[in-house]
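Coordinate analysis (summary)
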Amino acid sequence: TNSKINLHQRLMENLKKNSKDERLTKLVKKKRKLYHLENKLKNLLEDEKKKNVRICFGTRKLFKKQHHLNENNYKHHKEWKKDWRNKRNASIYCIGSKDETCGNQTCSYYPEKYELRLRVANQYIEKYGRYIIFHHIKFPYGQDDINASLKTYNGKTRGNKDVKYCMSALSYRFLRKEKGWYVHVSTEVKVPKIKTSKWSGSLGIDLNKGFISLCHVDRFGYPLKEKKINMNIYNRRKEQVKATIGDVVKEVVEISIEKNVPIAIEKLNFNKKKARLKEESKKYARMLSGFAYKLFYDMIKSKASRCGVEVIEINPSYTSIIGQFKFMKRYGLSSHGSAACVIARRELGYKMERFPYVNPLGDFNFLKHKKTMYLRWSSLSNIIKNDKFSDRIEKLKS
């Protein structure tokens, strides 16, 4: 017994020492970050006083290569200067206007002929002619939206003169890349009317590491069906991640249209969360540090708006704990499916769920003195935050 007591004391001393070391390392990192931020702010204030604006077209990285020609495989300065000019002149932007021909003064697109006409500057007319015409131009995405923007209607100017207006302006950006020139078109797109209705229920989404959980609830808040969709985005290139998320988003929106229900998602502030990554768990920090999760929310909002599906953001506070305690065992849902169920119920207008004072995890009558349900769930979260999920499941089963 004495040896056990001594061993326990040693373990406690080591734990205290390790926790103290962790706090010190965190403090050093915070001070270092604060030092760098203060220096940045100091430099910005100095530039503002001197009225110096630092702008570098062609990227600073390429600009600095001229000082290390041999290290960057340049034989002489002229070779670097050629790359520098090519990089600076790699894009052209033509801003649009509704009262111009085809919605743009400099660049005009004629969908009947699939022809794009670019106006040449006066100093180059003798060399290239008045216009440079590109044939067989057809956009793989958004061709119908471009055609709708090019439709005209009769209007009047402030001077009461008759004039034709396009439905919306079209702006063109020409980009030169390794394979050649690309053209991008920007225009306003009419958002269709919302087709979904809360009277049919709601579709809750719980975003997790490597997959998402969906839960369809009826208009009374009872779960009808749960579904899990894999979304593996780790150890992949940026293009592969976008393709994977695009497929998942498409499937989610199709389910929403089939059930005629709006989509409920968590309202997450990624900027605030990323500022606290050092204080969060490694799993949660890894989830928030990637751009993919914000990309998922942006893509689902964009896709849903084009298809007439309503997307509502709700407060995600304690959705996992409430789902585990109130809906997981009762309806046979998974842990993440029960969280999605709570998210869907909140979209329908159900407030914070009632707190179960007596349950398999113990008697929580001492939490009755809390004024609101939010504070009660908050207190319970603090009590069981160190418990493993497997331990919670075993206790709920009992």
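Summarised in this report is the structure supplied together with it.

Cut-offs used in this document
Residues numbered from 1 in each chain as written. Predicted model: local features only at pLDDT ≥ 70, side-chain atom pairs only at ≥ 80, totals over all residues. Heavy atoms only, no water. Pairing = 2+ DSSP bridges. Helix = DSSP H or I, 4+ residues; strand = E, 2+ residues; numbered from the N terminus. Axes fitted to C-alpha atoms, helices over the stretch in contact; angles between N-to-C directions. Salt bridge = Lys/Arg side-chain N within 4 Å of Asp/Glu carboxyl O. Buried < 20%, exposed > 50% of the residue type's maximum accessible area, 1.4 Å probe, protein only. Core = buried A, V, L, I, M, F, W, Y, C linked by side-chain atoms within 4.5 Å. Contact = heavy atoms within 4.5 Å. Parallel < 35°, antiparallel > 145°, perpendicular 65-115°, else oblique. Left-handed = near helix turned anticlockwise from the far one by under 90°. Nonpolar A, V, L, I, M, F, W, Y, C, P; charged D, E, K, R; others polar.

To continue, consider the sheet that holds strand E2 (residues 107-110). Here 3 strands make up an open sheet; going across it, the order is E2-E3-E4 and the pairing antiparallel. The two strands at the open ends of the sheet, each matched to only one other strand, are E2 and strand E4 (131-134). The average angle at which neighbouring strand axes cross in this sheet is 20°, direction not considered.

Let's shift gears to the pattern of salt bridges. Taken as a whole and assessed by the stated rule, the structure comprises 3 salt bridges. Close ionic contact of Lys 294 with Asp 298 constitutes a salt bridge, the shortest N to O distance being 3.3 Å. Of the two residues, Lys 294 and Asp 298 both sit in helix H9 (residues 292-307), 4 residues apart, roughly one turn of that helix. In this structure, Lys 301 and Glu 313 form a salt bridge, with 2.8 Å as the shortest nitrogen-oxygen distance. Taken together, the positions of Lys 301 in helix H9 and Glu 313 in strand E13 (residues 311-314) put the pair 12 residues apart, joining distant regions of the chain. Judged by its relative accessible area of 37%, Glu 313 falls in the partly exposed class.

Moving on, we get to the nonpolar core. In terms of nonpolar packing, the biggest core is built from 27 residues, with Ile 205, Ile 212, Ile 245, Val 252 and Phe 296 touching the most fellow members. For this core, the secondary structure elements donating two or more residues are strand E9 (202-208), strand E10 (211-217), helix H6 (238-259), strand E12 (263-266) and H9. Excluding residues within four positions of it along the chain, Val 252 makes contact with Leu 203, Ile 205, Ile 212, Leu 214, Ile 229, Ile 263 and Ile 300. Judged by nonpolar contacts, the second largest core, of 14 residues, contains Val 217, Phe 327, Leu 333 and Val 342.

Where H6 meets H9, the closest approach of the two axes is 9 Å, and the angle between their N-to-C directions is 40°. In terms of their interaxial angle, H6 and H9 are classed as oblique. The handedness of the crossing between H6 and H9 comes out as right-handed. Counted together, Val 241, Lys 242, Ile 245, Gly 246, Val 248, Val 249, Lys 250, Val 252, Val 253 and Ile 257 of H6 and Ala 292, Leu 295, Phe 296, Met 299, Ile 300, Lys 303, Ala 304 and Cys 307 of H9 form the full contact between these two elements. A class-by-class count of the residues in the contact of H6 with H9 yields 14 nonpolar, 1 polar and 3 charged.

Now for the pairing of strand E3 (residues 115-119). Where E2 meets E3, 4 bridges bridge the pair, whose relative direction is antiparallel. Following the sheet pairing, Cys 107 is matched in E3 by Leu 118. What sits between the antiparallel neighbours E2 and E3 is a turn of 4 residues, in which Tyr 114 has the positive phi angle 55°. Across 4 bridges, E3 lies against E4 in antiparallel orientation. From the neighbouring strand, Arg 117 faces E4, where its bridge partner is Ile 133.

Extensive coverage of helix H10 (residues 319-326) is indicated by the burial of 7 of its 8 residues. Those residues of H10 not exposed but buried are Thr 319, Ile 321, Ile 322, Gly 323, Gln 324, Phe 325 and Lys 326.

Here the focus is the environment of Val 217. Within the secondary structure, Val 217 sits in strand E10. In the structure, Val 217 is positioned 14 residues away from Leu 203 in sequence and 6.5 Å away in space, judged by C-alpha atoms. If we ignore the near neighbours within four places in the chain, the residues touching Val 217 are Ser 200, Gly 201, Ser 202, Tyr 222, Pro 223, Leu 224, Cys 341, Ala 344 and Leu 348.

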